[in-house]
Every structure is written in structure tokens, then in C-alpha cells.
Amino acid sequence: MLIKQLSIFLENKKGRFTEVSKILGEAGVNMSAFTVSKNSDFGILRLIVSDTDKAIRVLKEQLYAVSVTDVICLQCPNQPGALARAMEVITAAGIFVEYMYAFSQGEVAHVVIRPDDVETCAAVLKANKLTLIAANDLYKL
């Protein structure tokens, strides 16, 4: 249930995200989920893509700094309180969430979570009958 996520460091200037999306698109790599954050000097684009190895290769060929981390994707009802229940389980297990981002599709929400202990977090969520999405299923959304 672990998913490989790319983190790409971008200069804070116009067109950088456009360049990355064009590079990946021309390589036939689909971006399934992403988030962008920035500070004064650079931005971090975090991506889940359909072909991690190809994405790394084509981005590094274009001299982008790319790193890979494991994340999990929780699927829960898109309704008030559903995420709170999952977060209570995570907190009770003593797991720290470094960051997360989410998207919804109708009645279902998908929450990408980067905890400090990804394997324990996945096990705790599963033990509490919460649904995790496999990488292959996330790529199809």
C-alpha cells in the first residue's frame, strides 16, 4: 500500500511548473495527484505519477532535483468527520504527520499522507478498518 511520491525542487519563477508538466506529458507520464508549496527561494512540487521511474529519468535529464519518498493514500467517505476519525487513529498511535494533501471525487475522498513512520501508519489504519489505496489504483483515478 506504499506509494512512491516525487518531490521536485523548483525555482520561484514563472513557467517552472509548466515546464515540468510538459516534460512529463511528452514522456507519457500522467500526474495523478500533486501539491505545490513554496518559500522565498524555491518551491517543492510533490507528485504521484503513473510511471515513477520514467518520470525520474526524464526530469533528471532536464537537470531537475528529484527525490522519492513513500506515502500512503487513505480513501474515506467525503463527509464531515471522516478524516477526523482517521486522524484520531493516527494520533492515538503516536504517529506524526509531516504533511498531507487531498482530493475528492463525488462521495469519496482520497488523502495522501506522509507520516514520520509510513509502515506503522499504514498498519494502524488497516487494523482500524480504514481503506488504503494501492499505487496502481491511485494512478487510475
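Going by the structure above, here's the rest.
Quick caveat: nothing in here was measured; it's all calculated off a predicted structure.

### Digging into the environment of T35
- For T35, the location among the structural elements is in strand β2 (residues 31–38).
- Assessed through its relative accessible area of 24%, T35 is described here as partly exposed.
- Between the alpha carbons of T35 and I48 there is a distance of 9.5 Å; along the sequence they are 13 residues apart.
- Other than its neighbours up to four places away in sequence, T35 contacts I44, L45, R46 and Y101.

### Quick word on helix α3 (residues 82–92)
- Along α3, the residues that are buried comprise A82, A86, V89 and I90. Buried residues along α3 cover an arc of 100° about the axis, so they all sit on one side. In α3, the exposed positions that point more than 90 degrees away from the buried face belong to E88, T91 and A92.

### Re the state of the cysteines
- Taken as a whole and assessed by the stated rule, the structure comprises zero disulfides.
- In this structure C121 is not part of a disulfide, and its nearest cysteine sulfur, from C73, lies 12 Å away.

### Considering unusual backbone geometry
- In the Ramachandran plot, L63 falls in the positive-phi region, its phi being about 70° despite a non-glycine side chain.
- In this fold, L63 is placed in the loop between α2 (52–61) and β4 (65–77).
- The exposed category is assigned to L63, whose relative accessible area is 77%.
- With phi around 60°, K129 is a residue other than glycine that occupies positive phi space.
- With respect to the helices and strands, K129 occurs in the loop between α4 (118–127) and β7 (131–132).

### A closer look at the packing of α3 against α4
- At a closest axis distance of 10 Å, the pairing of α3 and α4 adopts a crossing angle of 125°. Viewed along their axes, α3 and α4 adopt a mutual orientation that is oblique. Between α3 and α4 lies a crossing of right-handed hand. Contact residues: A86, V89 and I90 in α3; C121, V124 and L125 in α4.
- Taken together, the residues that form the contact of α3 with α4 break down as six nonpolar, no polar and no charged.

### Some points on the packing of helix α1 (residues 16–26) against α2
- Look at α1 against α2: their axes get within 10 Å of each other, and the N-to-C directions meet at 125°. Considering their axes alone, α1 and α2 lie oblique with respect to each other. Seen along the crossing, α1 lies across α2 with a hand that is right-handed. Judged by residue contacts, V20, I23 and L24 of α1 engage A55, V58 and L59 from α2.
- Among the residues forming the contact of α1 with α2, the class breakdown is six nonpolar, no polar and no charged.

### Re the nonpolar core
- Core analysis: the biggest nonpolar cluster contains 19 residues, and I72, L74, I90, I113 and L125 have the highest contact counts within it.
- Listed by contribution, the elements that provide at least two residues to this core are β4, α3, β6 (108–115) and α4.
- Ranked by residues supplied to this core, first place goes to α4 with five residues.
- Apart from residues no more than four positions distant in its own chain, L125 is found in contact with I72, A86, V89, I90, L130 and L132.
- Among the nonpolar cores identified, the runner-up in size contains 17 residues, and I23, L47, A55 and V66 belong to it.

Calculation criteria
Per chain, the residues get numbers from 1 upward, laid out in the order the sequence is written. Local features in a predicted model are, by the rule used here, given only for residues with pLDDT of at least 70; side-chain atom pairs are given and counted only at 80 or more, and totals for whole chains, interfaces and linings are based on all residues. To obtain the side-chain values, all non-hydrogen atoms of the structure were included, while hydrogens and water were left out. Where helices and strands are cited, they refer to DSSP runs of H or I of at least four residues and of E of at least two residues respectively, numbered from the N terminus. Classification of residues uses two cut-offs on accessible area relative to the type maximum, computed with a 1.4 Å probe and protein chains only: under 20% is buried, over 50% is exposed, and between them is partly exposed. Between two residues, a contact is recorded if the distance between any of their heavy atoms is within 4.5 Å. Directions pointing from the helix axis toward each C-beta atom define the arc. Only a pair of cysteine sulfur atoms within 2.5 Å qualifies as a disulfide here. Axis definition: a line fitted to C-alpha atoms, over the contacting stretch in the case of helices. Angles run 0 to 180 degrees between N-to-C directions. Roughly parallel covers angles under 35 degrees, roughly antiparallel covers those over 145, roughly perpendicular covers 65 to 115, and oblique covers all other angles. A crossing counts as left-handed when the near helix is turned anticlockwise from the far one by less than a right angle, and as right-handed when that turn is clockwise. Three classes are used, and their members are as follows: Ala, Val, Leu, Ile, Met, Phe, Trp, Tyr, Cys and Pro are nonpolar, Asp, Glu, Lys and Arg are charged, and the others, Gly among them, are polar. To define a nonpolar core, start from buried Ala, Val, Leu, Ile, Met, Phe, Trp, Tyr and Cys residues and group those joined through side-chain atoms within 4.5 Å.

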